[in-house]
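A look at the structure
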Amino acid sequence: MERSTPPQVLDEDDPDVDSADDSVAVDLVISPEDSLKLSSGGSRRIRRFKQEWLKKFWFLRYSPTLNEMWCHVCRQYTVPSSRTSAFIVGSKQFKIHTIKLHSQSNLHKKCLQLYKLRMHPEKTEEMCRNMTLLFNAAYHLAVEGRPFSDLRPLAELLKRCELKVVDQYLNDGDCQILLHHIARALKEDLAEKMRLSPFLSVIMDAQNDDLFSDMVAVYVQFISYEGSPNTEFLSLQRLGMPSVDGYLQALDRAFGVLGLRFQDLLVVGLGVDGTNISAGTRASLYVAVQKTFPWILCLPIMIHRPHLEVLDAISGKELSCLEDLETNLKQLLSFYRYSPRMMAELRSTAPTLSEETEFLGDIRAIRWIIGEPNVLNALIKDYLEVVAHLKEISSQTQRADAAAIALSLLQFLLDYQSVKLIYFLLDIIAVLSRLAFTFQGENHFLVSQVEAKIEDAILEIGQLVDFPGEYLQEFEENFRESFNGVALKNLRVAESKFQSIREKICNRSQGILSQRLDLHSRPFAKACRVLDLNTWPHSREDLQAYGEEEIQVILEHMESLPCRGVEARGNLLGEWKDLKADYFSMNGFKEVLVHVCRYRQRFPLLNRVLQAVRVLPGSTSCCDKGRASLQKMCKNNRSRLSLEQMNDLLTVAVNGPPIAHFDGKRALDSWFEEKSGSSRSLSAEVLSRRSAAEQKSVLHSVDVNTEFYPDV
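The sections below set out a description of the structure shown in this document.

What counts, and at which threshold
Each chain has its residues counted from 1, following the order in which its sequence is written. Confidence filtering applies because this is a predicted model: local features only for residues at pLDDT of at least 70, side-chain atom pairs given and counted only at 80 or more, and all residues used for totals across whole chains, interfaces and linings. For side-chain calculations, the full set of non-hydrogen atoms in the structure is used, while hydrogens and water are omitted. A cavity here means a set of points on a 1 Å grid, drawn over the protein atoms and nothing else, where a 1.4 Å probe fits but cannot get out; a pocket is an open set with protein on both sides within 12 Å along at least five of seven lines, and a residue lines either one if it has an atom within 4 Å of a point. Grid points are joined across faces, edges and corners, and a volume is the space filled by probe spheres set on the points. Helix and strand definitions here come from DSSP, where helices need a minimum of 4 consecutive H or I residues and strands a minimum of 2 consecutive E residues; each element is numbered from the N-terminal end. Each residue is assigned to one class: nonpolar for Ala, Val, Leu, Ile, Met, Phe, Trp, Tyr, Cys and Pro, charged for Asp, Glu, Lys and Arg, and polar for all the others, Gly among them. For every element, the axis is a line fit to its C-alpha atoms; helices are fit only across the contacting stretch, and the angle between N-to-C directions ranges from 0 to 180 degrees. Here a crossing is called left-handed whenever its near helix is offset anticlockwise from the far helix by less than a right angle, and right-handed whenever the offset is clockwise. The contact rule is simple, with two residues in contact once any of their heavy atoms fall within 4.5 Å. At least two bridges found by DSSP between two strands are what make those strands a pair. What is meant by a nonpolar core is a set of buried Ala, Val, Leu, Ile, Met, Phe, Trp, Tyr and Cys residues, joined one to another through side-chain atoms within 4.5 Å. Exposure classes here rest on a 1.4 Å probe applied to the protein chains alone. A residue is buried below 20% of its type maximum, exposed above 50%, and partly exposed in between. Exposure above 30% relative accessible area and the lack of any salt bridge qualify a residue for a patch; like charges then connect within 9 Å, and the nonpolar side chains Val, Leu, Ile, Met, Phe, Trp and Tyr within 5 Å. Using a 1.4 Å probe, accessible areas were evaluated by the Shrake-Rupley method; residue-level cover was limited to the displayed protein chains. Should a side-chain nitrogen of Lys or Arg be within 4 Å of a carboxyl oxygen of Asp or Glu, the pair is scored as a salt bridge. The positive count covers Lys and Arg only, the negative count covers Asp and Glu only, and His and the chain ends enter neither. To locate a charge, take NZ of a lysine, CZ of an arginine, CG of an aspartate or CD of a glutamate.

1. Quick look at empty space enclosed by the protein
If you walk through the whole model with that rule in mind, you get five cavities of 30 Å³ or more. Space inside the largest cavity adds up to approximately 70 Å³. Surrounding the largest cavity, Leu379, Ile380, Tyr383, Phe412, Leu413, Ser418, Val419, Ile422, Tyr423 and Phe483 form its lining. Counting only elements with at least two residues in the lining of the largest cavity, the list comes to α15 (373-381), α17 (400-413) and α18 (416-440). With four residues, α18 is the single largest residue contributor to the lining of the largest cavity. Across the lining of the largest cavity, the residue classes tally to nine nonpolar, one polar and no charged. Reported here for the second largest cavity is a volume of approximately 50 Å³.

In structure tokens, the structure reads:
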């Protein structure tokens, strides 16, 4: 028997080895599975990775699962031609000399330079200029709702325009970081605006899309430096539970994003809307808020399509005709939408309805088809063509399945009650849409004007019970024993039932609108009508005693604020009389608000009152902008954005200035601070500026003579 040869022991610093930047030597690689085979009498020692190498070589990484080591720096920053290097793809040559050779190689030195430039860039004039281009490009992507991955092609376009950009910061993660610093600067600005504003109001938008059904967007309204009311996006928060407590917790977290507390700021107004919050939850939320903060006025606002909320509330057993109409209309559109052949035929026979059907996308995902006025109008316009097409299909024996469906759809379109109900719903939707459009405009309405608009809408809906609206009148004019030549069915039965349906829809719609008017806030809202110059009497005699009762109501509410800026009842009434005297002595003025703010030294108490009134929610255009931006940014594969990323994008898209006025200097400075390791979190910066006591003294003790200039 041959004598067994003892295994050869190699020194860790054995120089007899190839460079780690050469290809991996297969014969030197021993997998863990083969270790048992070589346990008896092998000629080579099984080399294992030593954990102390990770401390000695900071760039080294090791995976126990793969049993491989690699260079973290070279794997990130190497050129494509060098990706076959063993220390990039993964090496099993566990020798310290191999690691030393790699650390001294030219490839590693080049990658190390790029790594240092990226992790600790030098703040030179050229570097700032080149990075400013990237910040501008990232800002443009956020405003337009484009994905992070578009930063690289946009940078390539800038290069084609002979502009120099920094190539090391063009991936998706870099774009997110750039936008985070931009959003951070905007949030700091918002926090400062909120501190300086004597009063604040909050708008909460409960989202209505299935993708965001568990989220609420919080907006804050404040008095700007110029004296005009502005609304900006505060935060998007996820609801822990769809209850009053859930909304209150989301509100606290939204203020906490800026390092602020809701109870430390003088919030005087609150508005809540969204189809995902019921009328009962909204009323309970108002009660809970006013129980702790009795001076907060809960005011009606409408952000988006209030008729959807009405349809949710009124549909049920007593009005099952609405759900029947919804089902039949979805079947009609689905019959065409999900068949290429039927869609092509509809496109040639009824182009308007086909266009609206294609625009809807997935019919089954639409909340209320009967709540889409464009679809209903298109069906009315192409009614004769659709009926003729369905009759043609129902008579084709070679298309038995389609013929059976077409026959049932034809019965729906020939039903007298269904056709007349479509016209009546268009009248209801028209009233509610006009009301919502009032809020969605850029003009800021007084709370008294808002209440008046809602009361007018309630009255207009009540008139639809006995008098036909624009659409129903059109139906009655076109119906003479037949509807535009088409014989409708079930006339006698449907006509007797329709009036009952009509009354129920109108009464319930009126009740839903009435629930938006908070009883606790209505006296103050009605009293604010005296601040509208259009309500003033024209004669001097009538004007002398005008508005004194309303001013006293406003004064009583102002005295309930924790920061009393209006104590002297007689002084306020005196200023009110002086204001009415100015109206005649100065040949009138266009607006009460502008006149008081212009001469605020003469009217310090009235100026204080108007600051509180102007900040109350009266416009939801900013909320509509936020919804549009949110929908745009979360399309397709971007729906996996984190909550923090969505907040950064919304802050930039809603609160940011136009691209022509964007200045990224502060964001650039913040980015350099983070790279140098001296950056602090936003909350730390916000809280470090002044203590909580200082914040309270600034926000709750603003002098009545604080200078805020209105837009003149």
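2. Description of the packing of helix α16 (residues 383-394) against α17
Their axes nearest at 8 Å, the elements α16 and α17 cross at an angle of 145 degrees. Crossing of α16 over α17 shows left-handed handedness. For the pair α16 and α17, contact is made by Tyr383, Val386, Val387, Leu390, Lys391, Ile393 and Ser394 and by Ala402, Ala403, Ala406, Leu407, Leu409, Leu410 and Leu413, respectively. Of the residues assigned to the contact of α16 with α17, the class counts are twelve nonpolar, one polar and one charged.

3. Quick notes on the sheet that holds strand β7 (residues 297-298)
On the basis of which strands lie adjacent, the open sheet formed by five strands has the order β5-β4-β3-β6-β7 and mixed pairing. Edge positions in the sheet fall to β5 (229-238) and β7, since each has one partner strand and no second. In the sheet, strand β3 (residues 200-206) pairs with strand β6 (residues 267-273) via six bridges, with the strands oriented parallel. Paired with serine 201 across the bridge in β6 is glycine 269. Taken strand by strand, helix α9 (residues 244-256) contacts β3, β4 (215-223) and β5, and its axis lies near 115 degrees from that of β5. Helix α10 (residues 279-292) contacts β6 and β7 of the sheet and is inclined by roughly 165 degrees relative to β6.

4. Let's talk about the environment of asparagine 655
Tracing the sequence through the fold places asparagine 655 in helix α29 (residues 643-655). Taking C-alpha positions, asparagine 655 is 9.9 Å from lysine 625, a pair spaced 30 residues apart along the chain. Residues within four places of asparagine 655 in sequence aside, it is in contact with Leu186, Leu190, Glu232, Phe233 and Leu650.

5. Some remarks on the nonpolar core
If you look at the biggest cluster of nonpolar residues, it comprises 126 residues, and the most contacted ones within it are Met131, Leu134, Leu332, Leu390 and Leu421. Counting residues per element, this core draws most heavily on α18, at 14 residues. If near-sequence neighbours (up to four positions away) are discounted, leucine 390 is found in contact with Leu332, Phe335, Tyr336, Ala406, Leu409, Leu410 and Leu413. One finds Leu239, Leu266, Leu270 and Leu533 within the second-largest nonpolar core, a separate group that totals 74 residues.

6. A look at a negative patch on the surface
Residues Glu470, Glu474, Glu476 and Glu477 make up a contiguous surface patch of negative charge. According to the relative accessible area criterion, glutamate 474 is partly exposed, its value standing at 34%.

7. Thoughts on the environment of proline 351
If you trace the backbone, proline 351 turns up in helix α14 (residues 351-360). What makes proline 351 partly exposed here is its relative accessible area of 45%. Separated by 34 residues in the primary sequence, proline 351 and glutamate 385 place their C-alpha atoms 9.7 Å from one another. Setting aside residues no more than four positions away along its own chain, proline 351 makes contact with Leu346 and Asp382.

8. Considerations on the pattern of salt bridges
Pairs may arise between side chains of opposite charge once their charged atoms sit close together. This structure, assessed with the given rule, holds 28 salt bridges. Here aspartate 205 ties to arginine 627 by a salt bridge, and the two come within 2.5 Å at their closest N and O atoms. Of this pair, aspartate 205 sits in strand β3 while arginine 627 sits in helix α28 (residues 621-633), and the two are 422 residues apart along the sequence. Note on aspartate 205: relative accessible area 0%, which makes it buried. Residue arginine 627 is classed as buried on the basis of its relative accessible area, which comes to 8%. Several salt bridges share partner residues, and in doing so they unite Glu451, Glu455, Arg522 and Lys526 into one network.

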